[in-house]
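An overview of the molecular structure
Spelled out, the chains give:
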Amino acid sequence: MGQITLYNGVEMPVLGYGTLQITDPVWCQQCVEDAIEAGYRLIDTAAAYGNEAAVGRAVRQCGLPRRELFVTTKLWVQDAGYDQTLRAFDQSIKNLGLDYIDLYLIHQPFGDYYGAWRAMEHLYAQGAARAIGVSNFAPDRLVDLCMNQDVRPMVDQIEIHPFYQQAEAIKVMEMYGVVPQAWGPLSEAQKNIFHNKVLEKIAKSHEKTTAQVILRWHFQRGIPSIPKTVHKERMVQNLDIFDFSLSDREMAAVAALDIGHSEIIDHHSFCTARQLNCVKIHS
């Protein structure tokens, strides 16, 4: 599949399996087991997804050595702050039934994420998390964090897809050695992306699906991604992107689809800040 090396030397698979909105525990465990069987070695979850326990059971029961799997989970806004983060991490470890986390992320740039980051630095120093990072941090917030903490984030997981390509954010990450990881790499099916005429034409020329073309586009940009599907045949298809390449002209055609903003969530909106701060995942 291929790995990308984080600045601390940890290797992370370039393709992962996302578990957002797979909340039924039996279904979630089956999906993760199917993904691992299909060949995925990175599994992405979060405390806010409510499925850490199901993900953990699949990881523990899949038959592979723990070291062969890369597990990501995330700290929710409600638990930002130094002491709260340490407690939340312990709860995630308990939910997952694992001894360590491969990548621990601050899920949103809200609340006391500076206190949370200091706690994550501690977890990293103790080896409880092999790598630490952030999610949904815009360039200004990311740079501020990088310049005022002892350990820079190793990953920033942000929305990236053909309609929102985040060129500036990616350039800033490169300046600080932060790896961008794409959530929603298939645009969460927004704007009828699977039937986009440009993508369909490219897919037809390679005898591939539009999803495969999009994931190949991410790969050729050097951006790891975490597509999500509950269909095993699509899990397999989404991994089958390493036997073809997009030409410079095709890469440029996809680049021309960028609309320059998200139609999924606006992290610069006060409404988003208010909404996410109101979401409580435990009492």
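Residues numbered from 1 in each chain as written. Predicted model: local features only at pLDDT ≥ 70, side-chain atom pairs only at ≥ 80, totals over all residues. Heavy atoms only, no water.

Quick look at the pattern of salt bridges now. Going through the model one piece at a time under the given rule, you end up with eight salt bridges. Here Asp102 and Arg66 are joined by a salt bridge, their closest N and O atoms 2.8 Å apart. Here the residue Asp102 occupies a position in strand β6 (residues 101-106), and Arg66 occupies one in the loop between α2 (52-61) and β5 (70-75), the gap between them amounting to 36 residues. The residues Asp102 and Arg66 share a single accessibility class, namely buried. For Asp102, the salt bridge goes to Arg130, with nearest N and O atoms at 2.8 Å. With Asp102 in strand β6 and Arg130 in strand β7 (residues 129-135), the pair connects residues that are 28 residues apart, well separated along the chain. Accessibility expressed as a relative area gives 1% for Asp102, which makes it buried. Salt bridges here are not isolated pairs; linked through shared partners, they connect Arg66, Asp102 and Arg130. (Salt bridge = Lys/Arg side-chain N within 4 Å of Asp/Glu carboxyl O. Helix = DSSP H or I, 4+ residues; strand = E, 2+ residues; numbered from the N terminus. Buried < 20%, exposed > 50% of the residue type's maximum accessible area, 1.4 Å probe, protein only.)

Here the UniProt-annotated "site: Lowers pKa of active site Tyr" (unreviewed entry) positions come out as Lys74. Apart from the residues lying within four places of it in its own chain, the contact partners of Lys74 are Asp44, Thr45, Ala46, Ala47, Tyr49, Tyr104, Leu105, His107 and Gln157. (UniProt positions renumbered as here; feature names shortened; annotations may be inferred. Contact = heavy atoms within 4.5 Å.)

Turning next to the packing of aromatic side chains. Tallying each qualifying case throughout the model produces five aromatic pairs. Aromatic side chains Tyr113 and Phe137 sit 5.0 Å apart centroid to centroid with 75° between the ring planes, which places their arrangement in the edge-to-face category. In this pair, Tyr113 is assigned in helix α4 (residues 113-126) and Phe137 in the loop between β7 and α5 (139-147), connecting sequence segments 24 residues apart. Cation over ring: Arg66 sits above Tyr100, and NZ or CZ is 4.1 Å from the ring centre. (Phe/Tyr/Trp six-rings, centres within 6.5 Å; stacked < 30°, edge-to-face > 60°. Lys NZ or Arg CZ within 6 Å of the ring centre and 35° of its normal.)

Moving on: the pairing of β7. Counting buried residues in β7 gives six out of seven residues, a clear majority hidden from the surface. Note that β6 and β7 share five bridges and pair parallel. Bridged to Tyr104 within β7 is Ile132. Running through α4, the crossover from β6 to the neighbouring parallel element β7 is right-handed. Taken together, the two bridges between β7 and strand β8 (residues 155-159) define a ladder with parallel strand orientation. Paired with Val134 across the two strands is Asp156, which belongs to β8. With α5 bridging β7 and its parallel neighbour β8, the resulting β-α-β unit is right-handed. (Pairing = 2+ DSSP bridges. Right-handed = clockwise from strand over helix to strand, strands pointing away.)

A surface patch of nonpolar side chains, amounting to about 230 Å² of accessible area, comprises Met1, Phe219 and Phe242. Note on placement: Met1 falls in the segment before β1 (3-5). Taking the relative accessible area as the measure of exposure, Met1 reaches 35% and is therefore partly exposed. (Patch = residues over 30% accessible without salt bridge, like charges linked within 9 Å, V, L, I, M, F, W, Y side chains within 5 Å. Areas by Shrake-Rupley, 256 points an atom, 1.4 Å probe, with all protein chains shown as cover.)

Packing of helix α1 (residues 25-38) against α2 brings their axes to within 8 Å, and their N-to-C directions diverge by 40°. Overall, the two elements α1 and α2 adopt an arrangement that is oblique. Viewed along their axes, α1 and α2 form a crossing whose handedness is right-handed. Together, Pro25, Cys28, Gln29, Val32, Glu33 and Ile36 of α1 and Ala54, Val55, Arg57, Ala58, Val59 and Gln61 of α2 make up the contact between the two elements. Counted by class, the contact of α1 with α2 contains eight nonpolar, two polar and two charged residues. (Axes fitted to C-alpha atoms, helices over the stretch in contact; angles between N-to-C directions. Parallel < 35°, antiparallel > 145°, perpendicular 65-115°, else oblique. Left-handed = near helix turned anticlockwise from the far one by under 90°. Nonpolar A, V, L, I, M, F, W, Y, C, P; charged D, E, K, R; others polar.)

The next thing to look at is the environment of Glu121. For Glu121, the position within the fold is in helix α4. Owing to a relative accessible area of 11%, Glu121 belongs among the buried residues under this scheme. For the pair Glu121 and Val134, spaced 13 residues apart in sequence, the C-alpha separation works out to 12 Å. When sequence neighbours within four positions are dropped, the list of residues in contact with Glu121 reads Ile132, Gln149, Asp150 and Val151.

Because an α-helix completes one turn every 3.6 residues, residues spaced three or four positions apart along the sequence face the same direction. Of the residues making up helix α6 (residues 167-176), those classed as buried are Ala169, Ile170, Val172 and Met173. Relative to the axis of α6, the buried residues are bounded by an arc of 160° and lie together on one face. Looking at α6, the residues exposed on the side facing more than 90 degrees away from the buried face are Ala167, Glu168, Lys171, Glu174 and Met175. Where α6 is buried, its residues meet α5, β8 and β9 (179-183). (Arc of directions from axis to C-beta.)

Below, the discussion takes up helix α10 (residues 248-255). If you check which residues of α10 are buried, you get Glu250, Met251 and Val254. Buried positions in α10, seen along its axis, are confined to an arc of 100° and lie on one side of it. Opposite the buried face of α10, by more than 90 degrees, sit the exposed residues Asp248 and Arg249. For α10, the secondary structure elements touched by its buried residues are α7 (197-206) and α8 (210-220).

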